[in-house]
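Structural overview for review
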Number of protein chains: 2
Amino acid sequence: MIRAHADTTNKETIMASEQIENYIKNIYKLSSNEGKVTTSSLSEKLQISPASVSEMIKKLAEERTLTHTPYKGVELTEEGKKLALRIIRKHRLWEMFLVEVLHFRWDEIDDEAERFEHIMSDTMEEKIDHVLGHPNIDPHGDPIPTRDGEIHCTMSYPMIESHPGMRVRVLRVSDSNSDLLKYVSSIGITLNKQIRIKQKMSFDNSLLVVINKKEINISSTIAENIFVETIEKE
Amino acid sequence: MIRAHADTTNKETIMASEQIENYIKNIYKLSSNEGKVTTSSLSEKLQISPASVSEMIKKLAEERTLTHTPYKGVELTEEGKKLALRIIRKHRLWEMFLVEVLHFRWDEIDDEAERFEHIMSDTMEEKIDHVLGHPNIDPHGDPIPTRDGEIHCTMSYPMIESHPGMRVRVLRVSDSNSDLLKYVSSIGITLNKQIRIKQKMSFDNSLLVVINKKEINISSTIAENIFVETIEKE
DNA sequence: TTATAAATTTAGGTTAACCTAAATTTATAT
DNA sequence: ATATAAATTTAGGTTAACCTAAATTTATAA
Ligand SMILES: [Mn+2]
Ligand SMILES: [Mn+2]
Ligand SMILES: [Mn+2]
Ligand SMILES: [Mn+2]
């Protein structure tokens with residue numbers, strides 16, 4: 001049996017299990033990235049069979065965390081979105097804490113946060129937020145939602161879309177692959193680092209850039225996962 | 001399904017589930033407090049029916065975490081003891097961390113640690129130990145086992161056994177009741193606090209003591225849960 | 001020493017969250 | 001328009017960890 005950490009009954013809300021929280025969080029993420037959320041996209045993301053996902057969706061629809069149009073897709077209700085943002089907040093606050101206080105590297109923290117987001121009490125969420133001075137981004141540059149579900153996205157675009165001559169600043173790096181994060185920092189890229197784009201290679205779409213006065217070639221895959229803002233147009 | 005956080009396979013050891021870890025930890029605690037561990041004492045402690053406990057014991061005996069003499073009781077194997085101490089270490093390190101870094105009070109931390117002890121990775125255990133400067137007691141004065149299972153108990157006795165005229169120092173307070181902890185600190189008792197015993201009341205076994213120059217009466221129940229060492233005999 | 005009481009184990013059943021295989025619905029390509 | 005393919009749902013089954021009730025073993029008290 002999985003027992004929730006707080007009282008499982010809270011007026012009308014029933015505490016969600018760890019697995020249910022993972023479903024909700026990932027539905028939120030898929031919908032804000034791709035728009036529509038299907039059984040198969042969730043199945044793919046959670047690495048759970050489509051049949052199991054379909055079952056769980058039915059259950060979540062019954063308890064009004066989301067709406068389900070059979071064979072079409074799902075959408076979180078307001079209640080569901082609120083829950084999702086709360087889980088994401090805990091995840092990102094905890095990542096920040098791991099980096100700032102326990103000196104983990106940004107490529108080591110996602111797995112830890114993936115578990116801890118479900119365990120963290122509201123009290124602890126507050127204390128961590130306080131100790132960190134109410135940060136608004138996590139170590140990968142992702143925005144940390146406020147306690148009541150506001151989320152402010154920074155305006156950034158994938159570096160792959162930048163043009164030669166530009167100077168850009170790194171605002172976010174996709175946290176989906178820890179090896180990518182490790183590599184990215186090994187070539188000197190951190191949040192807020194400034195980068196000059198020298199050349200775009202037509203044969204493979206890679207970029208020739210200058211970081212810390214050194215020229216480096218960045219593959220298109222990597223350039224798609226680094227999000228920047230423009231500092232200087234040419 | 002409960003999925004363990006690390007690889008569930010580690011050469012020959014299979015990662016224990018959260019519930020199994022709770023069984024193991026509490027068997028260890030019962031055996032070091034009472035000596036023998038029976039189905040009913042465990043059932044009582046874990047608040048799980050004797051039937052379920054009996055089943056689980058059978059399972060743990062099969063995988064050699066403990067030995068079981070049916071109708072008699074259980075005893076942890078060396079392997080089991082090691083595991084228990086590791087969980088206790090994580091629990092107590094985390095309690096220390098909550099108090100020192102997140103400024104929780106000593107009466108707020110047990111529930112948090114109860115969940116976190118199962119979630120903490122070995123890496124995190126190390127980082128926390130390091131940030132805290134390798135503490136050897138937790139916020140309640142309980143010893144923190146080393147990573148390889150050494151545990152050094154301080155020599156202390158329940159304050160109820162002290163005699164008028166003595167000066168004692170608080171080395172440990174039982175963490176089993178958070179209201180007791182809250183009350184104890186409200187009357188000025190913390191770890192290392194010095195207390196002078198003035199009188200022992202014969203009618204109810206309570207103690208009249210001096211703390212911070214103030215006279216206070218301490219009930220026998222409380223005096224049984226505060227552990228001290230003698231500083232001055234008379 | 002035997003009868004009753006207490007502790008323990010076994011039997012049979014539930015629930016959440018998964019799975020594979022089969023059935024159904026929707027999409028796509030001639 | 002229809003046949004095939006893909007996506008989704010339903011059916012039926014598993015496992016861990018619990019439960020209550022019944023059976024068994026051990027302890028205790030007349
Ligand atoms: Mn998670
Ligand atoms: Mn992140
Ligand atoms: Mn626990
Ligand atoms: Mn403690």
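**Considering unusual backbone geometry**
Residue His-134 of chain A is not a glycine yet carries a positive backbone phi of 55 degrees. On the basis of relative accessible area, His-134 of chain A is assigned to the exposed category, the value being 52%. Notably, Gln-47 of chain B is not glycine yet its phi reads approximately 60 degrees, a positive angle. Structurally, Gln-47 of chain B can be placed in the loop between helix H2 (39–46) and helix H3 (50–62). Judged by relative accessible area, which is 66%, Gln-47 of chain B ranks as exposed.

**Quick notes on the domain arrangement of chain A**
As far as domains go, chain A holds domain 1 (2–76) and domain 2 (157–232). Placing a centre on the C-alpha atoms of domain 1 of chain A and another on those of domain 2 of chain A gives a separation of 35 Å.

**Side note on the sheet that holds strand S8 (residues 207–211) of chain A**
Residues and elements named next belong to chain A. Ordered in space as S5-S10-S6-S7-S8-S9, the six strands form an open sheet in which the pairing is antiparallel. Of all strands in the sheet, those bounded by a partner on one side alone are strand S5 (157–158) and strand S9 (214–218). When strand S7 (residues 194–200) meets S8, the two strands line up antiparallel, connected through four bridges. Of the residues in S8, the one forming a bridge with Gln-199 is Leu-208.

**Quick notes on the protein's contact with DNA strand C**
Around DNA strand C sit 24 residues, and of these Ser-17, Ser-52 and Lys-59 of chain A together with Ser-40 and His-68 of chain B come closest. Each atom of DNA strand C within 4 Å of the protein was assigned to sugar, phosphate or base; sugar and phosphate come to 71%. Ser-17 of chain A has a polar side-chain atom sitting 2.6 Å from a phosphate oxygen of DNA strand C. Within the contact set of DNA strand C, a phosphate oxygen lies 2.6 Å away from a side-chain nitrogen or oxygen of His-68 of chain B. Elements supplying a minimum of two residues to the surface near DNA strand C: helix H1 (18–34) and helix H3 (50–62) of chain A together with H2 and H3 of chain B. Residues belonging to the surface near DNA strand C are distributed by class as follows: ten nonpolar, nine polar and five charged.

**Notes on the relation of the copies chain B and chain A**
By a simple turn and slide, chain B fits onto chain A: the slide is 0.0 Å along the axis, the RMSD is 0.1 Å, and the turn is 180 degrees. With respect to symmetry, the two chain copies, as superposed, fit the operation of a two-fold axis.

**Brief notes about the coordination of the manganese ion (ligand 3)**
Residue and element names in this part refer to chain B. Looking at the manganese ion (ligand 3), the protein donor atoms are Asn-22 (OD1), Glu-114 (O), Glu-114 (OE), Glu-117 (OE) and His-118 (NE2), and they sit 2.0 to 2.4 Å from it. On the primary sequence, the residues serving as donors to the manganese ion (ligand 3) are separated as N-x91-E-x2-E-H. Of this pair, Asn-22 sits in helix H1 (residues 18–34) while His-118 sits in the loop between helix H5 (110–116) and helix H6 (122–131), and the two are 96 residues apart along the sequence. We classify His-118 as buried; its relative accessible area is 6%.

**Some thoughts on the coordination of the manganese ion (ligand 2)**
All names here are of chain A. The protein atoms that coordinate the manganese ion (ligand 2) are Glu-95 (OE), Asp-138 (OD) and His-140 (ND1), at distances of 2.1 to 2.3 Å. Along the chain, the residues that donate to the manganese ion (ligand 2) are spaced as E-x42-D-x1-H. Of this pair, Glu-95 sits in helix H4 (residues 78–100) while Asp-138 sits in the loop between helix H6 (122–131) and S5, placing them 43 residues apart in sequence. The exposure class assigned to Asp-138 is buried, which follows from its relative accessible area of 1%.

**Brief notes about the pairing of strand S9 (residues 214–218) of chain B**
Residue and element names in this part refer to chain B. Relative to S9, strand S8 (residues 207–211) runs antiparallel, the two being bridged by five bridges. Residue pairing for S9: Leu-207 is matched across the bridge by Ile-218. A loop of two residues connects S8 with S9, the two strands running antiparallel in sequence, and Asn-212 in this loop sits at a positive phi of about 50 degrees.

**Structural notes on the protein's contact with DNA strand D**
Looking at DNA strand D, there are 24 residues lining it, with Ser-40 and His-68 of chain A together with Ser-17, Ser-52 and Lys-59 of chain B nearest. Backbone atoms, meaning sugar and phosphate, make up 71% of the atoms of DNA strand D lying within 4 Å of the protein. With respect to DNA strand D, the side chain of Ser-49 of chain B contributes an N or O atom lying 2.9 Å from a phosphate oxygen. Classifying every residue of the surface near DNA strand D gives ten nonpolar, nine polar and five charged.

**Focus on the packing of aromatic side chains**
With the rule as written, the count across this model stands at nine aromatic pairs over all chains. For the ring pair Trp-94 of chain A and Phe-116 of chain A, a centre distance of 3.8 Å and an interplane angle of 20 degrees mean the geometry is stacked. Of this pair, Trp-94 of chain A sits in helix H4 while Phe-116 of chain A sits in helix H5 (residues 110–116), and the two are 22 residues apart along the sequence. In terms of burial, Trp-94 of chain A and Phe-116 of chain A fall into one category: buried. Seen in terms of ring centroids, Phe-116 of chain A and Trp-94 of chain B are 6.2 Å apart; in terms of plane orientation they differ by 75 degrees. Their pairing is edge-to-face. Linking Phe-116 of chain A in helix H5 with Trp-94 of chain B in helix H4 (residues 78–100), this pair reaches from one chain into another.

**Things to note about the interface of chain B and chain A**
It is common to give the size of an interface as the accessible area that goes away when the parts come together. If you look at the interface, chain B gives 24 residues, while chain A gives 23 residues. Buried area between chain B and chain A, both sides added, is near 2,000 Å², and the carbon and sulfur share of it is 66%. Looking only at chain B, the three residues that lose the most surface to chain A are Leu-102, Arg-115 and Lys-127 of chain B, adding up to 27% of its buried area. The interface formed by chain B and chain A holds zero salt bridges in total. On the surface where chain B and chain A come into contact, there are six residue pairs in polar contact (both at pLDDT 80 or more). Of all the secondary-structure elements, those providing two or more residues to the side of chain B that touches chain A are H4, H5 and H6 of chain B. The element contributing the most residues to the side of chain B that touches chain A is H6 of chain B, with five residues. Looking at the side of chain B that touches chain A residue by residue, the classes come out as 14 nonpolar, five polar and five charged.

**Considerations on the sheet that holds strand S10 (residues 226–232) of chain B**
Strand order across the open sheet formed by six strands is S5-S10-S6-S7-S8-S9 (chain B), with antiparallel pairing between neighbours. On the outer flanks of this sheet lie strand S5 (157–158) and S9 of chain B, each paired with one strand and no other.

**Brief notes about the nonpolar core**
One recurring pattern in soluble globular proteins is that nonpolar side chains are buried together. With 34 residues, the main nonpolar core has Trp-94 and Met-124 of chain A together with Trp-94 and Met-124 of chain B as its most contacted residues. Of all the elements in the fold, those that place two or more residues in this core are H4, H5 and H6 of chain A together with H4, H5 and H6 of chain B. Aside from chain neighbours lying at most four places away, what touches Met-124 of chain B is Trp-94, Leu-98, Leu-102, Phe-104 and Glu-112 of chain A together with Trp-94 and Phe-116 of chain B.

The rules behind these values
Every residue gets a number counted from 1 within its own chain, in the order that chain's sequence is written. As a convention, the first chain written is A and the first ligand written is 1, with the rest following in written order. Totals for whole chains, interfaces and linings use every residue, but because this is a predicted model, local features are given only for residues with pLDDT of at least 70 and side-chain atom pairs only at 80 or more, for both listing and counting. Neither water nor hydrogens contribute to the side-chain values; these are computed over all heavy atoms in the structure. For every residue, the accessible area obtained with a 1.4 Å probe (protein chains only) is divided by the maximum for its type, and the residue is called buried under 20%, exposed over 50%, and partly exposed between those limits. Counting from the N terminus, the helices are the DSSP runs of H or I reaching at least four residues and the strands are the DSSP runs of E reaching at least two. Delimitation of the domains relies on an automatic or database domain assignment. One requirement defines pairing of two strands: DSSP has to find at least two bridges between them. Being near a molecule or strand, for a residue, means having at least one of its heavy atoms within 4 Å of it. In the analysis that follows, any N or O atom pair within 3.5 Å is treated as a polar contact, provided that within protein one partner can donate a hydrogen and the other can accept it, and provided that, for residues neighboring in sequence, both atoms belong to side chains. When residue character is reported, Ala, Val, Leu, Ile, Met, Phe, Trp, Tyr, Cys and Pro are called nonpolar, Asp, Glu, Lys and Arg charged, and the others, Gly included, polar. To superpose the copies, least squares is applied to the C-alpha atoms of every residue with a pLDDT of at least 70 in both. The donor set covers N, O and S atoms within 2.8 Å of the metal, switching to 3.2 Å for Na, K and Ca, and it leaves out water, so a site may look short of donors. The pairing test for Phe, Tyr and Trp rings, Trp by its six-membered ring, is centres within 6.5 Å, and the orientation test on the planes gives stacked under 30 degrees, edge-to-face over 60, and tilted for anything in between. What makes two residues a contact is simply this: any of their non-hydrogen atoms within 4.5 Å. A simple way to read buried area is as the amount of 1.4 Å-probe accessible surface that goes missing from two parts once joined, with both sides added. Salt bridge, as applied in this entry: a Lys or Arg side-chain nitrogen positioned within 4 Å of an Asp or Glu carboxyl oxygen. As used here, the term nonpolar core means buried Ala, Val, Leu, Ile, Met, Phe, Trp, Tyr and Cys residues forming a set that is joined through side-chain atoms within 4.5 Å.

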